[in-house]
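Below are the chains, spelled out letter by letter.
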Amino acid sequence: MQNIVENLSAVHAQIAQACANCQRPEAEVHLLCVSKTKPVEMIKAAYDAGERHFGESYALEAVDKITALKAEGYNDIVWHFIGPIQSNKTKYIAAHFDIVESVERAKILERLSAQRPDEAGVLQVLIQVNISHEEQKQGCEEEELPELLALASSLPKIEVVGLMGVARIDAPEEELRASFGRLQYLLSRYQGQYPQLKTLSMGMTHDMQPAIASGSTEVRIGTAIFGEREYHH
Ligand SMILES: *Cc1c(COP(=O)(O)O)cnc(C)c1O
């Protein structure tokens, strides 16, 4: 697991450099380690290197890993759900996660609130906004944001704390800046009405620099830490 430790220092150095380039304090940008498809041993290696925020995209895989790690005493990990959410998976997500970043419709918000166990406290959510304008889009449209923010704020077990976006893969620099800039604008636009909106989750392995330049407060990094993912479907 030596390379995970090295990869993490390289990622932190990249974040520091990106912050320096745009005169932002490094402490404003926090690292979410995206461990989807990766084994718990790799999560432990990152944990031992000091990381506490981990992101997962597949509910059932994540529940297995979270349960296994809790049984071994890893109780202070903050688990973020960042994948597409099917209605039949909300009960697992509501029970096992601390933050859900990929909320894009009302029904999912209502189910997460209804299914959040009392002892788990409030579930933090980010609304995912479609900033890539692809056919295979994820995230709500900008016009749907006011309604989703209002609903999220009214639900007892939900606290809405920010916005999340994924830029188009392989987009040129100019398009990345436009997409991330749009999400930054949307956060600032709704912060007056919803002051608890603080998190701007944007930037992945290949686009963390422009995301940080556009005000990202959380970069979601998988490949640069844990290596390429293999899928067996
Ligand atoms: C997988 C994933 C990431 C991490 O992507 P990398 O390119 O491996 O850094 C970030 N955000 C979301 C929403 C993801 O699904």
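Rules used throughout
- Residues numbered from 1 in each chain as written.
- Predicted model: local features only at pLDDT ≥ 70, side-chain atom pairs only at ≥ 80, totals over all residues.
- Heavy atoms only, no water.
- UniProt positions renumbered as here; feature names shortened; annotations may be inferred.
- Helix = DSSP H or I, 4+ residues; strand = E, 2+ residues; numbered from the N terminus.
- Contact = heavy atoms within 4.5 Å.
- Phe/Tyr/Trp six-rings, centres within 6.5 Å; stacked < 30°, edge-to-face > 60°.
- Buried < 20%, exposed > 50% of the residue type's maximum accessible area, 1.4 Å probe, protein only.
- Lys NZ or Arg CZ within 6 Å of the ring centre and 35° of its normal.

With an unreviewed UniProt entry as reference, the protein is termed Pyridoxal phosphate homeostasis protein, source organism Candidatus Anaerobiospirillum pullistercoris. The Sequence similarities (unreviewed entry) comment attached to the protein in UniProt states, word for word, "Belongs to the pyridoxal phosphate-binding protein YggS/PROSC family." Check the Function (unreviewed entry) section of the UniProt entry for the protein; it says "Pyridoxal 5'-phosphate (PLP)-binding protein, which is involved in PLP homeostasis."

Asker: Could you give me a rundown of the UniProt feature "modified residue: N6-(pyridoxal phosphate)lysine" (unreviewed entry) in the protein, with the residues and numbers involved?
Answerer: Mapped onto this structure's residue numbering, the UniProt feature "modified residue: N6-(pyridoxal phosphate)lysine" (unreviewed entry) falls at Lys-36. Mapping Lys-36 onto the fold places it in the loop between strand S1 (30–34) and helix H2 (40–48). Those residues in contact with Lys-36, other than ones at most four positions away along the chain, are Gly-55, Glu-56, Ser-57, Tyr-58, Glu-61, Lys-65, Arg-229 and Tyr-231.

Asker: Lay out the packing of aromatic side chains with the relevant residues and their values.
Answerer: For any two aromatic rings, the description comes down to two numbers: the centre-to-centre distance and the angle of the planes. In total, this model carries three aromatic pairs according to the counting rule given. Judged by centre distance (5.2 Å) and plane angle (85°), the rings of Phe-81 and Phe-97 are edge-to-face. With a gap of 16 residues between them, Phe-81 in strand S3 (residues 78–81) and Phe-97 in the loop between helix H4 (90–96) and strand S4 (99–103) connect regions that are remote in the sequence. Owing to a relative accessible area of 1%, Phe-81 belongs among the buried residues under this scheme. Directly above the ring of Tyr-47 sits Arg-52, whose terminal nitrogen or CZ lies 3.5 Å from the centroid.

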